[in-house]
Amino acid sequence: MNEDEAGNAPKGRELDMKKADLIEASGEVVGMQNAALCYRRDKRGKTEVLLITSRDTGRWVLPKGWPIKGLTPPEAAAREAFEEAGVEGRVGTEPLGVFPYDKDAHSTEGVPVLVTVFPLAVRRLVKDFPEKGQRRLEWFSPKKASKKVDEPELSAILESFTAPSDP
């Protein structure tokens, strides 16, 4: 892989290295999931991000799920956002970051999972979607959302999030 003139690895390589570092630090094989950081601008032009509650614990999370055969990771993240929150929009192909968490952490069989987060500019929320009524959905400022989630790395991704000027 080529480096730029300053000797920096390309962004995708940096992300791969972060994933490898997290996997190595955990000392365990982890599952991989894809998440959508769904965002919009309110009437004043301020960025808002969508959090949903998990079905099992009620914690605030991003829509996320396992890889889906035939879909790229960003497409899989967008599919999860539709199924879990009724989101339709345009998903970005460059990840915002990664964060680890334990799937089913409330059980003794928690599975270490590494989640890749993709931005998704929300065009609309549909009224009928597969998991309607199973979760709460709420819009927050990125800073407030960062305080609602449990995972420190996800909190950092949310707190530093700035919506593109032309989603």
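Residues numbered from 1 in each chain as written. Predicted model: local features only at pLDDT ≥ 70, side-chain atom pairs only at ≥ 80, totals over all residues. Heavy atoms only, no water.

Turning to its location among the elements, Phe99 is positioned in strand S6 (residues 97-103). In this structure Phe99 comes out as buried when scored by relative accessible area, which is 2%. Taking the C-alpha atoms as reference, Phe99 lies 8.0 Å from Val117; in sequence the two are 18 residues apart. Sequence-distant contacts of Phe99, defined by excluding residues within four places in its chain, comprise Lys64, Val113, Leu114, Val115, Val117, Glu151, Glu153, Leu154 and Ile157. (Helix = DSSP H or I, 4+ residues; strand = E, 2+ residues; numbered from the N terminus. Buried < 20%, exposed > 50% of the residue type's maximum accessible area, 1.4 Å probe, protein only. Contact = heavy atoms within 4.5 Å.)

Attention shifts here to helix H2 (residues 73-85). An α-helical segment advances 3.6 residues per turn. Residues three or four places apart therefore align on the same side. The terminal C-alpha atoms of H2 lie 18 Å apart, and with 13 residues this matches the ideal 18 Å at 1.5 Å per residue to within 8%. Taken together, the buried residues of H2 touch strand S1 (31-41), strand S2 (47-53), strand S4 (64-65), strand S5 (87-91), strand S7 (111-125) and strand S8 (137-140). Phi turns positive one or two residues past the end of H2, at Gly86, with a value near 75°. (Expected span 1.5 Å × (residues − 1).)

For the rest of this paragraph, the subject is the nonpolar core. Leu37, Leu51, Leu62 and Leu158 are the most contacted members of the largest nonpolar core, which has 21 residues in total. Elements represented by at least two residues in this core include exactly S1, S2, S6, S7 and helix H4 (152-160). Per element, the largest residue contribution to this core is four residues, and it comes from S7. What Leu62 contacts, discounting residues up to four positions off in sequence, is Ala35, Ala36, Leu37, Leu50, Leu51, Ile52, Glu84, Val117, Leu154 and Leu158. Ala77, Ala81, Leu120 and Val122 belong to the second-largest nonpolar core, a separate cluster that totals 13 residues. (Core = buried A, V, L, I, M, F, W, Y, C linked by side-chain atoms within 4.5 Å.)

Scope: geometric values only; no functional claims are made or implied.
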